[in-house]
Amino acid sequence: MISLKREREDEVDDDDNEDGVAAKRGRGRVGEDRRSRHCPYLDTINRSVLDFDFEKLCSISLSHINVYACLVCGKYFQGRGQKSHAYTHSVQFTHHVFLNLHTLKFYCLPDNYEIIDSSLEDITYVLKPTFTKQHIAGLDKHGKLYRAYDGTTYLPGIVGLNNIKANDYANAVLQAFSNVPPLRNYFLEEENYKGIRRPPGDIMFLLVQRFGELMRKLWNPRNFKAHVSPHEMLQAVVLCSKKTFQITKQGDAVDFMTWFLNALHGALGGTKKKSSIITKVFQGSMRIFSKKLPHPDLPPEEKEALLLTEEYQEQMSESTFLFLTLDLPTAPLYKDEKEQLIIPQVPLFNILGKFNGNTEKEYKTYKENFLKRFQLTKLPPYLIFCIKRFTKNNFFVEKNPTIVNFPITNVDLSEYLTEEAQVTEKNTSYDLVANIVHDGKPTEGSYRIHVLHHGTGKWYEMQDLQVIDILPQMITLSEAYIQIWKRQESSDTNNHRGV
């Protein structure tokens, strides 16, 4: 134990000593090692094996401290001193070029000098992509294809996410959010959230950092490969959700999205009164009219008497929302005369009727029953619909296969607003930007997503690593589960080029 501790101290000391010696030789770059700009081993770097998507851990000691990536074989090792794992690896396998994953400096081992060469900038950019305000502003204005180092062409933002085991439910939600421009732009620039103060020991901010890193990797125009692994992001999800959502077990996309939005809002310093980028983009408000119902087993006279009391009068309350849940009509139980179970279809506007202020729906709790009706008072810039496909009872989960017919553009929601809101809300028309689909059985099944690329106006279907372009007409034929709609601005053209 003592020898291990001494070895670790040696590693840190050796690193510090080396940097200290360089500083003593002369200030700035005056006293730098002559070999720094003429390293003979740069041609041994193998960019095709470099993968910075995984956790920055030493492959031998599993330590996070002082980790270096071997640029010849792509493995991670700790330390740079003479007894360190990176030093041993360099001598044993004659791999000489290493990158410090924290400071982004390159070193040659075992000679232990820093390498300074502009040809290595592409590697540091893949490890830590950065975006200028001009670059971010132009992301949605063109649909330029980029070529990755492995030769594949890709559109930044339309990039496959690796399914590690059973995390496609999270991948679909992360892909959807990466294509919401205001949310994406906020996380592409680390300065936006770097200064947010969190209480000591708060792990939730890890979620914000990892989500920002994932956004920058998805939109990186200089990637080495045309897909990204959300490994670190999902590890943060498992940790922050206390294993509610896991990589190895299929989860529900709506449950994950609900938790993720609220967790991000809280980690960014948001509260019920204090806003964050999440509430600015997705939060709307509604009026809820609620009326308590007497117990159905009571005699009619008692029911009538109770309905006259104040407790059973209609109450009105204001509430905010991050997404709207749309209820599907129950699917038919029996086959038709041709012995086939026809999949029913329902127009989107039928299920939106829940929010017109007139449609009443009964809600049952353990003790009491309520009649509720809803009316919207404020529409957000981006509106999320969750179509309730799953019903759970004590025995199993059932899935409703009803297909929702919806237009891709120009969904006008003015009739679901209160009269006062109809006057104040100028733009009430929405266009679809993302559509998450659930295929298969309720407890198993898989997720895929349709997203609109704003630069080209084309639609793409993504399922884990598979990315294909798709006709907009095909989107409405799927069993939509979550949809994100963008409010039309007055300057917007009223149709997408892809439609």
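Residues numbered from 1 in each chain as written. Predicted model: local features only at pLDDT ≥ 70, side-chain atom pairs only at ≥ 80, totals over all residues. Heavy atoms only, no water.

1. Section: the pairing of strand β16 (residues 382-388)
Next, step 1: Extensive coverage of β16 is indicated by the burial of six of its seven residues.
Next, step 2: With four bridges joining them, strand β12 (residues 324-327) and β16 adopt parallel strand pairing. Counterpart to D327 in the pairing with β16 is K388.
Next, step 3: Bridge count between β16 and strand β25 (residues 480-487): five bridges; the pairing is antiparallel. What sits directly across from I384, in β25, is I484. (Buried < 20%, exposed > 50% of the residue type's maximum accessible area, 1.4 Å probe, protein only. Helix = DSSP H or I, 4+ residues; strand = E, 2+ residues; numbered from the N terminus. Pairing = 2+ DSSP bridges.)

2. Structural notes on the sheet that holds strand β4 (residues 106-108)
Next, step 1: A sheet is described by the order of its strands in space; here five strands give the open sequence β2-β1-β3-β4-β5, paired in antiparallel fashion. Strands with a single pairing partner mark the edges of an open sheet, and in this sheet they are β2 (76-78) and β5 (113-115). Here the average twist between neighbouring strands, direction ignored, is 40°.
Next, step 2: Relative to β2, strand β1 (residues 67-70) runs antiparallel, the two sharing three bridges. Its bridge partner lying in β2, V67 is registered against Q78.
Next, step 3: This element, helix α2 (residues 85-93), spans β1, β2 and β3 (97-100) of the sheet and lies at about 120° to β2. (Axes fitted to C-alpha atoms, helices over the stretch in contact; angles between N-to-C directions. Contact = heavy atoms within 4.5 Å.)

3. A short note on the environment of N185
Next, step 1: Residue placement: N185 occurs in helix α6 (residues 181-188).
Next, step 2: For the pair N185 and G157, spaced 28 residues apart in sequence, the C-alpha to C-alpha distance is 12 Å.
Next, step 3: Setting aside chain neighbours within four positions, we find N185 in contact with I136 and N192.
Next, step 4: A polar contact of 2.9 Å, which involves the side chain of N185, links it to the side chain of R184. (Polar contact = N/O pair within 3.5 Å; in protein donor to acceptor, adjacent residues only side chain to side chain.)

4. Things to note about the pairing of strand β15 (residues 369-378)
Next, step 1: The element β15 is largely enclosed, with a buried count of seven among its 10 residues.
Next, step 2: As defined by bridge partners, strand β10 (residues 284-293) adjoins β15 across nine bridges and the pair is classed as antiparallel. By the bridge assignment, I288 is partnered in β15 with F374.
Next, step 3: Two strands pair when backbone bridges link them, and strand β14 (residues 361-364) and β15 are joined in this way by four bridges, in the antiparallel orientation. Bridging across to β15, K361 finds its partner in K372.
Next, step 4: Hairpin remark: β14 followed by β15, antiparallel, with four residues in the connecting loop.

5. A look at the side chain of E479
Next, step 1: By the secondary structure assignment, E479 is in the loop between α15 (472-475) and β25.
Next, step 2: Of the residues examined, E479 reaches a relative accessible area of 19% and is grouped as buried.
Next, step 3: There is a polar contact of 2.7 Å between the side chain of E479 and the side chain of K399.
Next, step 4: Every residue in contact with E479, bar those within four places of it in the chain, is listed here: R389, K399, P401, I436, V437 and H438.

6. So, the layout of surface pockets
Next, step 1: Size it by volume and the largest pocket reaches roughly 780 Å³.
Next, step 2: Along the wall of the largest pocket there are 25 residues; nearest its centre are K56, L101, H102, R210 and E213.
Next, step 3: When residues of the lining of the largest pocket are assigned to their parent elements, the largest contribution, seven residues, is made by helix α8 (residues 205-218).
Next, step 4: Across the lining of the largest pocket, the residue classes break down as nine nonpolar, six polar and 10 charged. (1 Å grid on protein atoms, 1.4 Å probe; cavity = no way out; pocket = protein on both sides within 12 Å on 5 of 7 lines; lining within 4 Å. Points joined across faces, edges and corners; volume = space filled by probe spheres on them. Nonpolar A, V, L, I, M, F, W, Y, C, P; charged D, E, K, R; others polar.)

7. Description of the pattern of salt bridges
Next, step 1: The full count for this structure, using the stated rule, is 23 salt bridges.
Next, step 2: The salt bridge partner of D51 is K225, with a shortest N-O separation of 3.6 Å. With D51 in the loop between α1 (2-25) and β1 and K225 in the loop between α8 and β9 (227-228), the pair connects residues that are 174 residues apart, well separated along the chain.
Next, step 3: Classification of D51 by relative accessible area gives partly exposed; the value is 22%.
Next, step 4: For K225, a relative accessible area of 19% translates into the label buried.
Next, step 5: Note that D53 is salt-bridged to K217, the shortest N-O span being 3.4 Å. One end of the pair, D53, is in the loop between α1 and β1; the other, K217, is in helix α8, with 164 residues separating them in the sequence.
Next, step 6: Exposure remark for K217: the relative accessible area of 9% places this residue in the buried category.
Next, step 7: Each of the salt bridges in this network shares a partner with another, and the network as a whole consists of D51, D53, K217 and K225. (Salt bridge = Lys/Arg side-chain N within 4 Å of Asp/Glu carboxyl O.)

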